[in-house]
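In case you want the letters, here they are:
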Amino acid sequence: MRCELLDYELPEALVASRPPEERDGARLLLLDRGRSAGEVEHAAIRDLDRYVEPGALVVVNDTRVIPARLFGKKRGTGGQVELFLLHRLDEAPSGGDLAGAPPEGGARPERWRALGRASKPIRPGAVLDIERDGALVAEVLERAEDGVLTVRLSSPAGLSVAAAIEAYGHIPLPPYLGRGDDAADRERYQTIFARVPGAVAAPTAGLHLSPALVERLRANGVEIARVTLHVGLGTFQPVTVDDLDAHPMHAEVYSVPEATAAAIAGARDRGAPVVAVGTTVVRALETAADPARAGLVRAQSGETRLLIQPGYRFRVVDALLTNFHLPRSTLLALVFAFAGRERTLRAYRAAIDAGYRFYSYGDAMLIRGASAP
C-alpha cells in the first residue's frame, strides 16, 4: 500500500487532550460494512449494548500500562535525563560490581530496553538517579546503533523494581496530547480490565468500557473474553516509508489463553460474532488464527509483528470497536483493511463534520456487518 493513501486532514481542535468526564461518555459512530460507503449512524458509547448482538463474544485486552516515563539526573554531572522504558529483558544477576547495585539483601535488579533523552548523548556506563531520593537507579549498559539503550534498574532502598517504577514513573501519554500526565491519568489511561503489566501505551478502545456498560452487555447474553497484548511504541510509530510493505513492525508480546480459544469456538457453534475491542485484540486474535480450522484460534503466547493492511483476509474477527487513528499509522491501515479505505475515510469525514474527538482519549466507532465488495 502506498503510504500517502493513509493521509487525511484533521483540525487540531478535534484532538482530545483529556478523556470524557464519564468513562462511557464518549460518542460512537456506527459503520456498517454492508451499507453504501457514505452511510453512518451517530450514537453513544453508553448505548453500545444496543448495537452488539445478543450472544456475541466481545474480546478485550487486559494489558496494563506501566508508568514507563522516568525522570532523573546523571550521577556526577547533575544533567537532566528522561528514560522511556520499552520492555523488560531477562533479569540481571543480583551480584556483581555494577554501579548502583542494591545493598546486600536488596531487591533484585532488572534489565530493560529504553529510550533516553538528555542534552548530551547517554553513553554506556552512565548512572542515572531517578527522581530526587535515588530510590530507583538506572545504569546504562549498552547503546544500540538506533539509539535504544539497555539499562539495569535497581532500587538501593530495597524496593522491588516494579514497585519503584510504579512509585516514581509517569504515565506515558502520547505526545500529541500536548501535556504531561496528572493524577487522573493513573486511572483513566487504564482499562477496567487491566491486570497484566507490560504496555507502554493503552489499548484505547477499551478505555470506553465502564463496569455498568459491561454488566448491561452481559445481561444481554454477551460473553466477555480476554487476550493480552502489551502495546509498544512501534504500534504508534508513524509510517515514514513510501510503501507500507517496507515499514518495520516492532515485536509485541501477546497471549491468547485456552479460555478465550474455547469461547471463540463456542461463538462459532452458536453462530455469534466475535467483536474485537481495539486493534490490539485484532492483532492478537489474527496472529493466533488456526490455519486448519476456519474462524478459530489456537491458545498460544509469543511475539507478533503482524502488519495488517488492505488485502488482508480476516480469519477470526467479525466486528471492531476502535478509536479514530492518526494519519500514516499502521492502525489506520488495519481499519482500512477491515472496512475498506473509501468507506473508512468517508466515515472519518462524517466524524470530523460532526465534531467527534480523535485519538487516544477521543470518541469511537463500531464497525460491523458483512464485508461489502
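The structure presented is a predicted model; accordingly, all values stated were derived computationally and were not measured. (Residues numbered from 1 in each chain as written. Predicted model: local features only at pLDDT ≥ 70, side-chain atom pairs only at ≥ 80, totals over all residues. Heavy atoms only, no water.)

Enquirer: Would you mind showing me how to read the sheet that holds strand E1 (residues 27-32) here?
Expert: Working definition: the strands of a sheet are paired by backbone hydrogen bonds and lie parallel or antiparallel to each other. Strands sit in the order E2-E1-E17-E16-E14-E3-E12-E13-E15 across an open sheet of 9 strands; the sheet is mixed. Each of the sheet's edge strands pairs with one partner strand only, and the pair in question is strand E2 (41-44) and strand E15 (300-304). Shown here is a sheet whose adjacent strand axes are inclined to one another by a mean of 25 degrees, direction ignored. Here strand E12 (residues 223-229) runs beside strand E13 (residues 252-256); their pairing, made up of 2 bridges, is antiparallel. Directly across from leucine 229, in E13, lies its bridge partner tyrosine 254. Running over the sheet, helix H6 (residues 279-287) touches strand E3 (57-61), E12, E13, strand E14 (274-277), E15 and strand E16 (319-323) and is turned about 85 degrees from E12. (Pairing = 2+ DSSP bridges. Helix = DSSP H or I, 4+ residues; strand = E, 2+ residues; numbered from the N terminus. Axes fitted to C-alpha atoms, helices over the stretch in contact; angles between N-to-C directions. Contact = heavy atoms within 4.5 Å.)

Enquirer: I tried to follow the packing of aromatic side chains on my own but got confused; where do I start?
Expert: Scanning all chains against the criterion turns up 11 aromatic pairs. Between tyrosine 8 and tyrosine 348, the ring centres sit 5.2 Å apart and the planes meet at 85 degrees, which makes this aromatic pair edge-to-face. Highlighted residues: tyrosine 8 in the segment before E1 and tyrosine 348 in helix H8 (residues 341-353), separated in sequence by 340 residues. Like tyrosine 8, the residue tyrosine 348 is buried in the burial classification. Summarising the aromatic geometry, the rings of phenylalanine 358 and tyrosine 359 are spaced 6.3 Å apart at their centres and angled 80 degrees between planes, so their arrangement reads as edge-to-face. Overall, the relative accessible area of 0% leaves phenylalanine 358 in the buried class. Owing to a relative accessible area of 9%, tyrosine 359 belongs among the buried residues under this scheme. Here the aromatic residues Tyr8, Tyr176, Phe324, Tyr348, Tyr356, Phe358 and Tyr359 are joined through ring pairs into a cluster of three or more. (Phe/Tyr/Trp six-rings, centres within 6.5 Å; stacked < 30°, edge-to-face > 60°. Buried < 20%, exposed > 50% of the residue type's maximum accessible area, 1.4 Å probe, protein only.)

Enquirer: Where do I start with the nonpolar core in this structure?
Expert: Within soluble globular proteins, side chains that are nonpolar tend to cluster in buried spots. If you look at the biggest cluster of nonpolar residues, it comprises 70 residues, and the most contacted ones within it are Tyr8, Tyr189, Leu285 and Phe358. Here this core gets 8 residues from one element, more than from any other, and that element is helix H7 (residues 330-339). With near-sequence residues (within four places) excluded, phenylalanine 358 lies in contact with Tyr8, Leu10, Leu14, Val15, Ala16, Phe324, Tyr348, Ala351 and Ile352. (Core = buried A, V, L, I, M, F, W, Y, C linked by side-chain atoms within 4.5 Å.)

Enquirer: Explain the pairing of strand E6 (residues 80-88) here, please?
Expert: Regular strands place side chains that alternate from one sheet face to the opposite one. Sheet topology places strand E5 (residues 69-74) next to E6; 5 bridges connect them, and they run antiparallel. When the sheet's bridge partners are listed, glycine 72 is paired in E6 with valine 81. In this structure, the hairpin formed by E5 and E6 is closed by a connection of 5 residues, where glycine 76 is found at a positive phi of approximately 100 degrees. As defined by bridge partners, E6 adjoins strand E7 (residues 110-118) across 7 bridges and the pair is classed as antiparallel. Considered in E7, the bridge of valine 81 is made with alanine 118.

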